[in-house]
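Per-entry structural report
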Amino acid sequence: MERPTSLEGTITLYIHGMMQQSYAVLVRVLDVGSIVQELRSRGRSSISTA
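What counts and what doesn't
Residues numbered from 1 in each chain as written. Predicted model: local features only at pLDDT ≥ 70, side-chain atom pairs only at ≥ 80, totals over all residues. Heavy atoms only, no water. Helix = DSSP H or I, 4+ residues; strand = E, 2+ residues; numbered from the N terminus. Buried < 20%, exposed > 50% of the residue type's maximum accessible area, 1.4 Å probe, protein only. Salt bridge = Lys/Arg side-chain N within 4 Å of Asp/Glu carboxyl O. Patch = residues over 30% accessible without salt bridge, like charges linked within 9 Å, V, L, I, M, F, W, Y side chains within 5 Å. Areas by Shrake-Rupley, 256 points an atom, 1.4 Å probe, with all protein chains shown as cover.

When its secondary structure is counted, the chain shows one helix and zero strands. The burial tally for the chain puts 0% of its 50 residues in the buried class.

Set out below in structure tokens:
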């Protein structure tokens, strides 16, 4: 039962979780940006064709 090891493991897991969360948020934001661009280009093309 080593306290420092368990504490280190908890901190590592916490940091890893935070990094994963921030990465997921970043990917989501980038996805939203690409979706918005796609919708804009589609809207323009549909308007120009009509």
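Additional details are given in the paragraphs that follow.
This part covers the pattern of salt bridges. Applying the stated criterion to the full structure yields one salt bridge. Its salt-bridge partner being E38, residue R42 comes within 2.8 Å of it at the nearest N-O pair. A residue pair is termed a helical-turn pair when its members lie 3 or 4 positions apart in one helix, as R42 and E38 do in helix 1 (residues 3-49) at four residues.

A grouping of L7, I11, Y14, I15, M18 and M19 is seen on the molecular surface, where their side chains present a nonpolar patch of about 640 Å² in accessible area. Locating M19 in the fold gives a position in helix 1. M19 sits in the exposed class, given a relative accessible area of 54%.

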